[in-house]
Amino acid sequence: MIGTIFNVCMILVGSFTGSYFKKGIKPAYNEILTQALGLAAIAIGLNAVVQHMPKSHYPVLFIVSLAVGGLIGQWLNLEKRFDNLVGKFSKPNPDGSSNLAEGLATAVLLYCIGSLSILGPIQAALNKDYTFLFTNGMLDGITSIVLASTFGIGMALAAIAVFTWQGSIYLIAMLLQNSINNDMITELTIVGGILIMASGLGLLNIKKIKVLNLLPALIVPIVVIAIMQLF
């Protein structure tokens, strides 16, 4: 858990640093930073999909995952629930959504859905190798500075999600040992990359996609591949 704690600390430090700079940033600079984040999110998501799609042994699983996950998320109305929760701590937009909610959703996806954030806890659990997590922590620290300078100190809340996410992967890897395979990581990363791209489209105001309602899609490939392993 050393690497995860380091990762969380870097996000907190970056968030506080970025929120300090936010006080003196003019709206025009704030807008260009948001656009930069949107472009970066699309690039990161696209890179994840392009890198892992050729490795996929289940070429339609990501489609099924997005469809099933989207239906579950819409049924649970995750986007609305999250907006209502975060809206209590931030000024809502005219449509009832929250800039803080949008920022947190983007932050959680960028921090959690990536090869380093997934493979890092697994490497730490199985081989006591923290290289991936330390590298990921440095990258997340820089990202959190940019995010917090745009969306404010509320980005520090993403550290809770990162700790829960990486901590859960670490514990699962310890319990399952060799049951976690490359297919599971590949399919999870493809779906995650698509969600990150969707988040980038929202930041660029190209298309507002209910990314939070699509989050259950991340669970579908894990469940499907785990069931297939049984047979």
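It should be noted that the structure appears before, not after, this text.
Just so it is clear, the model here is predicted, and its values are computed rather than measured. In this convention, every chain numbers its residues from 1, walking through the sequence in written order. Whole-chain, interface and lining totals are the exception, using all residues; otherwise, since this is a predicted model, local features are given only for residues with pLDDT of at least 70 and side-chain atom pairs are given and counted only at 80 or more. Hydrogens and waters are ignored; side-chain quantities use all the structure's heavy atoms.

Asks: Explanation requested: helix 2 (residues 27-52) in the structure shown.
Replies: Helical geometry note: an α-helix holds 3.6 residues per turn, so side chains three or four residues apart project in the same direction. Secondary structure elements are taken from DSSP: a helix is a run of H or I of four residues or more, a strand is a run of E of two residues or more, and numbering for both begins at the N terminus. Each residue after the first adds 1.5 Å to the expected span of a helix. Along its 26 residues, helix 2 runs 38 Å from first to last C-alpha, staying within 8% of the 38 Å computed at 1.5 Å per residue. Per-residue accessibility, obtained with a 1.4 Å probe over protein chains only, is compared with the maximum for each type, and a residue is labelled buried under 20%, exposed over 50%, and partly exposed between these values. If you check which residues of helix 2 are buried, you get Asn-30, Thr-34, Leu-37, Gly-38, Ala-41, Gly-45, Ala-48, Val-49 and His-52.

Asks: Any chance you could explain a nonpolar patch on the surface here in plain terms?
Replies: Patch building starts from residues that exceed 30% relative accessible area and form no salt bridge, then joins like charges within 9 Å and nonpolar side chains (Val, Leu, Ile, Met, Phe, Trp, Tyr) within 5 Å. For every accessible area listed, the method is Shrake-Rupley and the probe measures 1.4 Å; residues are considered covered only by the protein chains on display. Basic side-chain nitrogens of Lys or Arg form a salt bridge, by our definition, when they fall within 4 Å of a carboxyl oxygen of Asp or Glu. On the surface, a cluster of nonpolar side chains totalling about 660 Å² of accessible area is made up of Val-60, Ile-63, Val-64, Val-68, Ile-72, Trp-75 and Leu-76. Topologically, Ile-63 is positioned in helix 3 (residues 61-76).

Asks: So what exactly am I meant to see when it comes to the packing of helix 5 (residues 99-112) against helix 9 (residues 182-203) here?
Replies: What describes two packed helices is the angle between their axes and the distance between those same axes. Taken N-terminus to C-terminus, the directions of helix 5 and helix 9 make an angle of 150 degrees; their axes are 10 Å apart at the nearest point. It follows that helix 5 is roughly antiparallel to helix 9 by the angle criterion. Note that helix 5 runs across helix 9; the crossing there is left-handed. Residues Glu-102, Thr-106, Leu-109 and Leu-110 of helix 5 lie in contact with helix 9, whose contacting residues are Leu-195, Ile-196, Ser-199, Gly-202 and Leu-203. Throughout, the ten residues Ala, Val, Leu, Ile, Met, Phe, Trp, Tyr, Cys and Pro are labelled nonpolar, Asp, Glu, Lys and Arg are labelled charged, and all others, Gly among them, are labelled polar. A per-class count over the contact of helix 5 with helix 9 returns 5 nonpolar, 3 polar and 1 charged. Lines fitted to C-alpha atoms define the axes, with helix axes restricted to the stretch in contact, and inter-axis angles between N-to-C directions lie between 0 and 180 degrees. Note that the term roughly parallel is reserved for angles under 35 degrees, roughly antiparallel for angles over 145, roughly perpendicular for angles of 65 to 115, and oblique for everything else. Left-handed describes a crossing in which the near helix is turned anticlockwise from the far one by less than a right angle; the clockwise case is right-handed. Whether two residues are in contact is decided by their heavy atoms, any of which lying within 4.5 Å being enough.

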